[in-house]
Amino acid sequence: MSQTFNPSDIAMLRTDKRASLTETVQRWKSDGDSVALVPTMGALHEGHLSLVRLALKAADRCVVSIFVNPTQFAPHEDFDSYPRDISADLQLLQSAGVDLVYTPDEADMYPSGKDSAIKAGAAAKGLETDFRPHFFDGVVNVVHRLFDHAQPDLAVFGEKDYQQLMVIDEMVQAQSLPIEITGAPIARDAHGLALSSRNAYLSAEELEIARMLNQALYKAAQDIQGGADADAACDEASALLLNCGFDKVDYVSYKPEWNRVLIAAHIGKTRLIDNAPTTPST
Ligand code: PAF
C-alpha cells in the first residue's frame, strides 16, 4: 500500500514504490538537503531508533527501509517467523521524525531473480560466515539494491552487527559508491544485553541467561586489553557462557585488525551476537 505524496499533508511518508522513493530523494537533494538511509528488517526497537537519531543528526532527511530480506536467511533459519509488526514500526518512526519509510516487497527488491553479481569481500571471511555461509552475500545483495533505489548520501548501520558493518563498508569502497557508511554504537538494556529484534524470542528464564553474554564478552575484552593471551581469554568466555546456561557457542573471537572481541551463542532457538572494543573508550 502506497500513500499519495504530499509532504504538507503528513509528517512522514511511506512508499513501497522504488520510483517514488528515488524521485522524492532526488527532489530533496536538488533542494540542497542531504539524505541518510537506515536499512532495517523491521521489528524496530530502541536500537533502531538510535540509528535514526544519528542519521537525523548527520543529514537533513532520513529514510528508513523495512524489508525482511530472504536472501540472507538459510532455508532452516527464521525467515518465516522473523518478527513483523509494520504498524508499530510506522508509529515509532513517525515519532522519531523520519521523513520517509520505504517498504518494498520481494518483487520490488528482486524483480529479475535473487542472484547478484555483488559478493561479500574479505571482511566476510570467518566468524558469521563459518556458521551462516549465505549471510553476507545476501546482505550485500540487498544493501546494494537499497542503495541503488534510495541513492543516499550516507547510511547508518548498528555496530552490534560489527562484521556486517565492515562487510558493507568494504562493498561500498569496492563499488566506489558515493555513500558514507556510519556505524552507530550498540544500544543495550539496563543489564547490558544488546538490543536485538531476536530478543523477542527469549523466555523470561532465557533472558536472564542472555544477560551473561555481555558480561563474558566485556571480561574477555578487558583481559585482552590488560595483556592476557587472547585465545585463553576467548576460551574462558566461551566456557563461562556454557556454564551459565547457553546451549552452544558458535564463536568468541578476537579480531586485532578491528580491535574487537566478537561473540555468537545460542540459547534454545535464539542465536545472539555481540561485540566489544579492546581499546580503552575515550
Ligand atoms: O542488519 C539488518 O537488519 C540487515 O542485515 C540489513 C542491513 C537491513 C540488510 O537486510
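In this text the structure is predicted, and so the values were computed from the model without any measurement.

Q: Just to check I follow, could you spell out the site of the ligand for this structure?
A: Residues in close proximity to the ligand include Pro-39, Thr-40, Met-41, Asn-69, Gln-72, Val-139, Val-142, Phe-157 and Gln-164, which together make up its full environment. A distance of 2.7 Å is found between an oxygen atom of the ligand and a side-chain nitrogen or oxygen belonging to Gln-72. Within the contact set of the ligand, an oxygen atom lies 2.7 Å away from a side-chain nitrogen or oxygen of Gln-164. Protein chains shield 88% of the accessible area of the ligand, which is 290 Å² for the free molecule. Mapped onto the shell around the ligand, the elements with two or more residues apiece are strand 2 (35–40) and helix 6 (135–150). In terms of residue class, the shell around the ligand is made up of five nonpolar, four polar and no charged.

Q: Would you mind going over the sheet that holds strand 9 (residues 270–277) with me for this structure?
A: Paired through their backbone hydrogen bonds, the strands of a sheet run either parallel or antiparallel. Strands sit in the order 7-8-9 across an open sheet of three strands; the sheet is antiparallel. Because the sheet does not close on itself, it has two edges, and the strands there are strand 7 (248–255) and strand 9. The average undirected angle you get between the axes of adjacent strands in this sheet is 10°. As judged from the seven bridges shared by strand 7 and strand 8 (residues 260–267), these two strands associate in the antiparallel manner. In the strand pairing of strand 8, Ser-253 is matched with Leu-262. Here helix 10 (residues 230–243) sits on the sheet in contact with strand 7 and strand 8, set at roughly 155° to strand 7.

Q: Help me understand the pattern of salt bridges in this model?
A: It is possible for side chains bearing opposite charge to pair when their charged atoms get close. Summed over the entire model, instances satisfying the criterion amount to 20 salt bridges. Linking Asp-99 and Arg-61 is a salt bridge whose minimum nitrogen-to-oxygen distance equals 3.2 Å. In this pair, Asp-99 sits in the loop between helix 3 (86–96) and strand 4 (100–102) while Arg-61 sits in strand 3 (residues 61–66), placing the two residues 38 residues apart along the sequence. Taking relative accessible area as the criterion, Asp-99 reaches 14% and is therefore assigned buried. The exposure class of Arg-61 is partly exposed, given its relative accessible area of 24%. A salt bridge links Lys-255 to Glu-257; the nearest nitrogen and oxygen atoms lie 3.1 Å apart.

Q: Teacher, can you tell me more about the packing of helix 9 (residues 212–225) against helix 10 here?
A: When two helices pack together, their arrangement is given by the angle between the helix axes and the distance between those axes. Relative orientation of the contacting elements helix 9 and helix 10 amounts to 165°, with a least axis distance of 9 Å. With respect to helix 10, the axis of helix 9 lies roughly antiparallel. For helix 9 against helix 10, the interelement crossing comes out right-handed. On the side of helix 9, the interface is formed by Met-212, Leu-213, Ala-216, Lys-219, Ala-220, Asp-223 and Ile-224, while helix 10 contributes Ala-230, Ala-233, Cys-234, Glu-236, Ala-237, Leu-240 and Leu-241. Class assignment of the residues belonging to the contact of helix 9 with helix 10 gives a composition of eleven nonpolar, no polar and three charged.

Each value, and the rule that gives it
- Residues numbered from 1 in each chain as written.
- Predicted model: local features only at pLDDT ≥ 70, side-chain atom pairs only at ≥ 80, totals over all residues.
- Heavy atoms only, no water.
- Near = heavy atom within 4 Å.
- Polar contact = N/O pair within 3.5 Å; in protein donor to acceptor, adjacent residues only side chain to side chain.
- Areas by Shrake-Rupley, 256 points an atom, 1.4 Å probe, with all protein chains shown as cover.
- Helix = DSSP H or I, 4+ residues; strand = E, 2+ residues; numbered from the N terminus.
- Nonpolar A, V, L, I, M, F, W, Y, C, P; charged D, E, K, R; others polar.
- Pairing = 2+ DSSP bridges.
- Axes fitted to C-alpha atoms, helices over the stretch in contact; angles between N-to-C directions.
- Contact = heavy atoms within 4.5 Å.
- Salt bridge = Lys/Arg side-chain N within 4 Å of Asp/Glu carboxyl O.
- Buried < 20%, exposed > 50% of the residue type's maximum accessible area, 1.4 Å probe, protein only.
- Parallel < 35°, antiparallel > 145°, perpendicular 65-115°, else oblique.
- Left-handed = near helix turned anticlockwise from the far one by under 90°.

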